[in-house]
Amino acid sequence: MAATVRRQRPRRLACWALMAVLLADLLALSDTLAVMSVDLGSESMKVAIVKPGVPMEIVLNKESRRKTPVTVTLKENERFFGDSAASMAIKNPKATLRYFQHLLGKQEGNPHVALYRARFPEHELGFDPQRQTVHFQISPQLQFSPEEVLGMILNYSRSLAEDFAEQPIKDAVITVPAFFNQAERRAVLQAARMAGLKVLQLINDNTATALSYGVFRRKDINTTAQNVMFYDMGSGSTVCTIVTYQTVKTKEAGMQPQLQIRGVGFDRTLGGLEMELRLREHLARLFNKQRKGQGAKDVRENPRAMAKLLREANRLKTVLSANADHMAQIEGLMDDVDFKAKVTRAEFEELCADLFERVPGPVQQALQSAEMNLDEVEQVILVGGATRVPKVQEVLLKAVGKEELGKNINADEAAAMGAVYQAAALSKAFKVKPFVVRDAVIYPILVEFTREVEEEPGVRSLKHNKRVLFSRMGPYPQRKVITFNRYNHDFNFHINYGDLGFLGPEDLRVFGSQNLTTVKLKGVGESFKKYPDYESKGIKAHFNLDESGVLSLIRVESVFETLVEDSPEEESTLTKLGNTISSLFGGGTTPDTKENGTDTVQEEEESPAEGSKDEPGEQAELREEAEAPVEDTSPPPPTEPKEAAVPEEEKATEKENEEKPEAQKPSEKKEAGSEAAPPAPEEEKKQKPARKQRMVEEIGVELVVLDLPDLPEDELAHSVQKLQDLTSRDLEKQEREKAANSLEAFIFETQDKLYQPEYQEVSTEEQREEISGKLGAASAWLEDEGFGATTVMLKEKLTELRKLCHGLFFRVEERKKWPERLAALDNLLNHSSMFLKGARLIPEMEQIFTEVEMTTLEKVINETWAWKNATVAEQAKLPATEKPVLLSKDIEAKMMALDREVQYLLNKAKFTKPRPRPKDKNATRAEPPLNASASDQAEKVIPPPGQTEDAKPISEPEKETGSEQADTEPLELEGPGAEPEQKEQPTGQKRTLKNDEL
């Protein structure tokens, strides 16, 4: 027995541990039951949510629109967002910020900064010498970085989602353009931190669109690869994507659909905004031409006039997509002069002729990166608002050579819907059908380092090495390891972008710095001194390209190995306990793990870095420098490129690594694989060969960011506080406006009520004059001093007026409720009296109510009748201007007391069993008694064919005990409409009557 208890203790501990984990997950889910996605476009954004009972819904803004402008107006004391800010762009263009995403992650010398200044000269861009970036200088006191402005927009989008979901939301998936580099992605993450959002993932907008397309066409995806091209032309840029859909076999869920990004092409400046700017310039020339002889100023020098022209150009572009010509007209464009001009579609296409020539460019880039031709693409689908321009569709259709372009997707909301589906999949609060997403790396990343080599005896030289870390169009997220074998002292290496030859010269200038980070290692020499008797297995650098496409260096460690002999001692009690718990969770020792149990750090989850293909002479060193690749036994998909093959063991062993205890120090990490094996006999222990023991020492890392330095923690905290102060100020302003509106509405409504007959009936002339005087004084105070009054003062004034009018309003409300309440009370009294009369008529032998119960009900009925008659009579004697004695709450209390007594008796009658009647021993039995069994009353049963009438009836089986009693077979019905066969009771055997047979 004692041995049994010992075996159960580890299981009990494991169960408690599992319960603790589940409880922690439930507590975490209680605060995050809804998730959101934000499709951030250049001109507008779409917000979607998922919450229990609301699957994948687009959020409506305060104007009940599904699309919200990405615009913010910043003043000294207030802010405006969305449509309100867009309307403010005409009145105050300098304080209204739009299209600021083009400045994210850009330094001051970037061509996009100069382009933004040319497009929007009304904005003053300041210079940040620390980060070499720009910021918006609204006034000497107001300045905001592009990350802070984006943080305001994200916070506003969250407020829209929370109002729509009616609960707080913290988790979000945000879409970004596929061409965003590392600096731009980090800038978006910093903006989300300022807004207080937990970013589950930064998903590329083309990937989100492809996911939305695949989710709603899951049944059409099979093992045959389907290649679909998505051409997305939005307001600020154009992206062309080739996606392969097919079903693949997964370890967790079997055959599941998968989308794989095969090729991507883009144009950063080709979009609807550039077309609108061309139209704006054309309209400005026409207006200047109309006023040429009047000596007026150039309209381009007036920011408000140019804002009006840009808004009209936007409307004109939309109308010309469906009409051959349209009249542009603006009332009071400048100096109270109206503008009116006719613009044709031909003129518009001539203005944008060079833009339309760039339409096929992203298609060719996508085909080259995917190493495919147009014949392999089954369908071309249009996405984005600018694809509605007829000339764009005409040029694109000619470039792809298809019969027609696909328009079977919501061009505006597809990315938001795909992103919110991914948010639900990443959240712990929802369970969705799996859809495998394999995104692709647009910009390759490599590691560069320099070391001394001895080419000739006594002659040493420096050799520069490059190792590709993440290749172009390779899948992510994934982890990789690079091993440096020839260093025993501190050294540096560099992380840079790889070959960017696919970008043009202008795109390279916009791209920015091609150097990412310099990594300085400290402590390499000390680690070698700490383990002089161990063999070095190199310096291993662990990299991670996460779901958001952001690269990070997880850790750098120095690994040593030696041979040790196993001691014949038995395992300790704690080791046995740990092994037992591990076996409960599927971590038992297998023959493979026993054989390879000498390695301390399992690195199968992190595939090695690939070697540089342009250095054939370095192949031998590549195998020496990099980790051996993990073999993948599963066959790769036929359409997968070579660089996209990822070992399937990555995810499994990654989870195993995450389950390692954090308290285990790096220098004390030892492989427990051999210890997990069952104890062997003494003879086997003596003959067991020596095993390998691996020791790991953490190496200090200093990172020097080269592309764009992140905000320091103190500045980031300052920005967070600044945005929180602005949000608090906005909320306080809204609260004050609400209080002022409530006070003003109360004054006007009450002044109007004083002249209504129902209010005059219950008030005297003096009372009405007093209330009217107070209301007039409050109205005058609100007009004179209300603008400077605080929220507290406004609420106090409203409370004072409500207290003054409380008696008047109370008398009116009571008189309105009397007819309905009294009618209900009379109805209940009548029904209760009838119920009591019926209860007293029940014969004594069948009576189920006691005399006390019926007397109590009768007493309550009489008391209620007496109270009602007395109170109504007393109320009739009082004048209407006095406080009433007949109150609706008293009527409701009397009704509840009476109803409680009646319901008690009704429930008793419902659940009480009737009494059986006594038998008359002297009477002759002429007919079966009422309580006779069903078998006694049944007619003669016709025997089935093949059985005579003299056959003995089947005796009733004895009552079974335990679980056998619950397994009795149901009666079988033979033939259509057959009745269950009545089983006769054996002679002389009594049958106990059931409740429903009485």
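Residues numbered from 1 in each chain as written. Predicted model: local features only at pLDDT ≥ 70, side-chain atom pairs only at ≥ 80, totals over all residues. Heavy atoms only, no water.

An unreviewed UniProt entry lists the chain under the name Hypoxia up-regulated protein 1, with Panthera tigris altaica given as the organism. UniProt, in its Subcellular location (unreviewed entry) section for the chain, records the words "Endoplasmic reticulum lumen". In its Function (unreviewed entry) section, UniProt records this for the chain: "Has a pivotal role in cytoprotective cellular mechanisms triggered by oxygen deprivation. Promotes HSPA5/BiP-mediated ATP nucleotide exchange and thereby activates the unfolded protein response (UPR) pathway in the presence of endoplasmic reticulum stress. May play a role as a molecular chaperone and participate in protein folding." (UniProt positions renumbered as here; feature names shortened; annotations may be inferred.)

Right, let's get into the packing of aromatic side chains. Applying the stated criterion across every chain yields a total of 27 aromatic pairs. Seen in terms of ring centroids, Phe81 and Tyr156 are 4.9 Å apart; in terms of plane orientation they differ by 10°. Their pairing is stacked. Placement of Phe81 in strand β6 (residues 79-81) and of Tyr156 in helix α4 (residues 146-165) is noted, with a sequence separation of 75 residues between them. Judged by its relative accessible area of 12%, Phe81 is buried. Owing to a relative accessible area of 10%, Tyr156 belongs among the buried residues under this scheme. Clustering of aromatic rings is evident, with ring pairs tying together Phe449, Phe484, Tyr487, Phe491, Phe493 and Phe543. In this structure, Arg472 is placed above the aromatic ring of Phe502, and the distance from its NZ or CZ to the ring centre is 3.7 Å. (Phe/Tyr/Trp six-rings, centres within 6.5 Å; stacked < 30°, edge-to-face > 60°. Helix = DSSP H or I, 4+ residues; strand = E, 2+ residues; numbered from the N terminus. Buried < 20%, exposed > 50% of the residue type's maximum accessible area, 1.4 Å probe, protein only. Lys NZ or Arg CZ within 6 Å of the ring centre and 35° of its normal.)

The next subject is the sheet that holds strand β8 (residues 125-128). Pairing within the open sheet is antiparallel, and its three strands lie in the order β8-β9-β10. The sheet terminates laterally at β8 and β10 (143-144), the two strands that pair on one side only. Bridge count between strand β9 (residues 133-137) and β10: two bridges; the pairing is antiparallel. Note that in β10 the partner of Gln137 across the bridge is Gln143. (Pairing = 2+ DSSP bridges.)

Our next topic: helix α26 (residues 888-911). The terminal C-alpha atoms of α26 lie 34 Å apart, and with 24 residues this matches the ideal 34 Å at 1.5 Å per residue to within 8%. Regarding α26, the residues found buried are Ser888, Ile891, Met895, Leu898, Val902 and Leu905. Those residues of α26 that are buried are in contact with α24 (791-840) and α25 (851-877). (Expected span 1.5 Å × (residues − 1). Contact = heavy atoms within 4.5 Å.)

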